[in-house]
Amino acid sequence: MDRIAIIGRGMIGSAAARHLAGMTDGIVLVGPDEPDEYAAHEGVFASHYDEGRMTRISDADPAWSITAKRSIERYGEIEAESGIRFFTKSGYLGISTAGSDYLDRAKETGLKHGADLTSLDADGIRGRYPFLSVADGTRGLQEVGDAGHVSPRAMVAAQTEAARRRGAEIVQRQVAALRPVPGGVEIETDDGSVRQAERVLVATGGFTDACGLSPEDLKLRVFGRTVLLARIEGALTEHFAAMPTMGHAESGAYLLPPIRYPDGHSYMKIGIGSVEDPALRTLEDMSNWFKSDGIEENRTRFRSFLLDLMPRLVECRSWQSKSCAVTWTATGLPYIDFVQDDRIAVAVGGNGKGAKSSDDWGWIAAHVVSGTEFEHPVGRDRLRIPAR
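For clarity, every value in this text was computed on a predicted model and none was experimentally measured.

Conventions and cut-offs
- Residues numbered from 1 in each chain as written.
- Predicted model: local features only at pLDDT ≥ 70, side-chain atom pairs only at ≥ 80, totals over all residues.
- Heavy atoms only, no water.
- Buried < 20%, exposed > 50% of the residue type's maximum accessible area, 1.4 Å probe, protein only.
- Helix = DSSP H or I, 4+ residues; strand = E, 2+ residues; numbered from the N terminus.
- Pairing = 2+ DSSP bridges.
- Axes fitted to C-alpha atoms, helices over the stretch in contact; angles between N-to-C directions.
- Contact = heavy atoms within 4.5 Å.
- Expected span 1.5 Å × (residues − 1).
- Arc of directions from axis to C-beta.
- Disulfide = S-S within 2.5 Å.
- Phe/Tyr/Trp six-rings, centres within 6.5 Å; stacked < 30°, edge-to-face > 60°.
- Lys NZ or Arg CZ within 6 Å of the ring centre and 35° of its normal.
- UniProt positions renumbered as here; feature names shortened; annotations may be inferred.
- Left-handed = near helix turned anticlockwise from the far one by under 90°.

Trainee: What should I look at first to understand helix H1 (residues 11–21) in this one?
Mentor: The periodicity of an α-helix, 3.6 residues per turn, causes residues three or four places apart in sequence to face the same way. Judged by how many residues are buried, H1 sits mostly within the fold: eleven of eleven residues are covered. By the burial criterion, the buried members of H1 are Met11, Ile12, Gly13, Ser14, Ala15, Ala16, Ala17, Arg18, His19, Leu20 and Ala21.

Have a look at this one:
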């Protein structure tokens, strides 16, 4: 019997496995690889099948700020231990209109946690980032130092490899069912194999409710999100060479600088939540969404947004959209809590910004599921499932 099984080889699950494997033996991490052919795939997907997520300390929510700081401080350790590089220091720029206080709150929290921050007015933004076209009255918050972006695909690979090197077993299968049994939990995978563990941590993101992997309905809200990719090549490569990761306070848009993707090309990426985003409730909903290219209306609107902000993108000749998903909890923080006495716990809910803090959420989850005492700036009560 395994001591602890982590179900879900995503950003939080793989992080939890690495931390657990450093604490005890008998750790197994279960989760499938990314499918080679999306169209023919009949199993689960994951939003970390991508190359760009922003990472920074400045955030209006202190819980997300401190967990990002703690995670970023371990990026080097994870890269060294695994031999897989996933972090790029490109800086961060938040922009907002004069009427918003988001940047003020993000700066206040960021400074408390040691972020290297500078406030900018419209002229300051134009001077430092001449490829941007911003209106008078626009405000900016620049973070340098350890702000930048991670490859979520590579980060999961790094966490998984580090967990393996620490002694964890990696099972590259999808879990079909969990069944409490005397003394533990029975785990059935999609090939019909069955194994048992004393305890289980479910870290399957937006697929948790749809796949029935939690004995308690978590009432997660899962929405499909369209992302737009603009291929950057030729003269545009130099033009956008100094682009940081960016966040737009009013729209909620996030932008990633040109990043090399598996096809060998570099793409600038934008994602924005919209009223068109579909609610994904069933496994069929999710499967169909991840096999799609998102919503055409969003693709058109996002392209217009980018062209207004970066006029030279009119020279870009190749645009494409892809699908992603966001999992929201009722608290705005991940649920890291037991759902079946002391045998089954969950660690789910990235709330649209889980990547940058994923290692620290995994650290907390490892301590919770193992029953190890710990202290953390984010109180455990804030991570419990509400209204039970």
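Having seen it, we continue.
Trainee: What exactly am I supposed to notice about the sheet that holds strand S17 (residues 319–328) here?
Mentor: Each strand in a sheet pairs with its neighbour through backbone hydrogen bonds, running either in the same direction (parallel) or in the opposite one (antiparallel). Judged by pairing direction, the sheet is mixed, and its eight strands sit side by side in the order S6-S7-S5-S14-S15-S16-S13-S17 without closing on themselves. Two strands bound the open sheet, and with one partner strand each, they are strand S6 (116–120) and S17. The sheet shows a mean angle of 20° between the axes of neighbouring strands, taken without regard to direction. Sheet topology note: the strand S15 (residues 253–260)/strand S16 (residues 266–271) ladder contains five bridges and is antiparallel. Looking across to S16, one finds that Tyr254 is bridged to Gly271. Running over the sheet, helix H8 (residues 283–290) touches strand S13 (221–232) and S17 and is turned about 155° from S17.

Trainee: I'm lost on helix H9 (residues 296–309) in this one. Help?
Mentor: Its 14 residues place the ends of H9 20 Å apart at the C-alpha level, agreeing with the 20 Å of an ideal helix rising 1.5 Å per residue. Taken together, the buried positions of H9 are occupied by Asn298, Phe302, Leu306 and Leu309. Down the axis of H9, the smallest arc covering the buried residues is 65°, so these residues share one side. Summarising the geometry of H9, the exposed residues directed more than 90 degrees from the buried face are Glu296, Thr300 and Asp308. Taken together, the buried residues of H9 touch strand S5 (92–96), S13, strand S14 (245–248), S15, S16 and S17.

Trainee: Quick question: what am I supposed to make of the state of the cysteines here?
Mentor: Disulfides are covalent bonds that link the sulfur atoms of two cysteine residues. Following the criterion strictly, the structure yields zero disulfides and no others. A disulfide-free cysteine, Cys324 has its sulfur positioned 17 Å from the sulfur of Cys211, the nearest such atom. Judged by relative accessible area, Cys324 falls into the buried class, the value being 9%.

Trainee: Explain the packing of aromatic side chains here, please?
Mentor: In this description, a pair of aromatic rings is defined by centroid distance and the angle of the planes. Enumeration according to the criterion identifies eleven aromatic pairs in this entry. A ring pair is formed by Tyr261 and Tyr267, whose centres lie 5.5 Å apart and whose planes are at 85°; its orientation type is edge-to-face. As far as burial versus exposure is concerned, Tyr261 and Tyr267 are alike and both buried. Between the NZ or CZ atom of Arg56 and the centre of the ring of Tyr92, over which it lies, the distance is 4.6 Å. Looking at Arg70, its charged tip hangs above the ring of Trp363, at a distance of 4.9 Å from the centre.

Trainee: Looking at this model, I keep getting lost on the pairing of strand S7 (residues 139–144). Mind explaining?
Mentor: The side chains of a regular strand alternate between the sheet's two faces. As defined by bridge partners, S5 adjoins S7 across five bridges and the pair is classed as antiparallel. Bridging across to S7, Ile95 finds its partner in Gly140. Across five bridges, the pairing between S6 and S7 is antiparallel. Residue pairing for S7: Asp116 is matched across the bridge by Val144.

Trainee: Sorry, what's going on with the UniProt feature "domain: FAD dependent oxidoreductase" (unreviewed entry) in the chain here?
Mentor: Feature annotation in UniProt places "domain: FAD dependent oxidoreductase" (unreviewed entry) on residues 3–358, given in this structure's numbering. Along residues 3–358 the backbone is 27% helical and 31% strand, and the end-to-end C-alpha distance reaches 23 Å.

Trainee: In this structure, what is going on with the packing of helix H2 (residues 62–82) against helix H5 (residues 152–165)? I would like to understand it.
Mentor: Axis angle and axis distance: for two packed helices, these are the angle between their axes and the distance between the axes, and together they describe the pair. At a minimum axis distance of 8 Å, the contact between H2 and H5 shows a crossing angle of 65°. Our pair here, H2 against H5, has a crossing hand that is left-handed. Contacts between H2 and H5 involve Tyr75, Ile78, Glu81 and Ser82 on the former and, on the latter, Met155, Ala158, Gln159, Glu161, Ala162 and Arg165.

Trainee: Can you help me understand the environment of Val378 in this one?
Mentor: Positionally, Val378 belongs in the segment after helix H10 (358–370). Each C-alpha atom of the pair Val378 and Pro62 lies 8.7 Å from the other, and the pair is 316 residues apart in sequence. Every residue in contact with Val378, bar those within four places of it in the chain, is listed here: Ala63, Ile66, Thr67, Leu333 and Leu383.

Trainee: It is not clear to me how the sheet that holds strand S3 (residues 53–55) should be interpreted in this structure. Could you clarify?
Mentor: Reading across from one edge, S3-S8-S4 is the order of the three strands in this open sheet, with antiparallel pairing throughout. At either margin of the open sheet sits one strand with a lone partner, and together these are S3 and strand S4 (87–88). Sheet analysis places S4 next to strand S8 (residues 148–150), joined by two bridges and oriented antiparallel. The partner of Phe87 across the bridge, within S8, is Val150.

Trainee: For this particular structure, what's the right way to read the pairing of S5?
Mentor: Counting buried residues in S5 gives five out of five residues, a clear majority hidden from the surface. Relative to S14, S5 is paired through four bridges, and the arrangement is parallel. Of the residues in S14, the one forming a bridge with Gly94 is Gly247.

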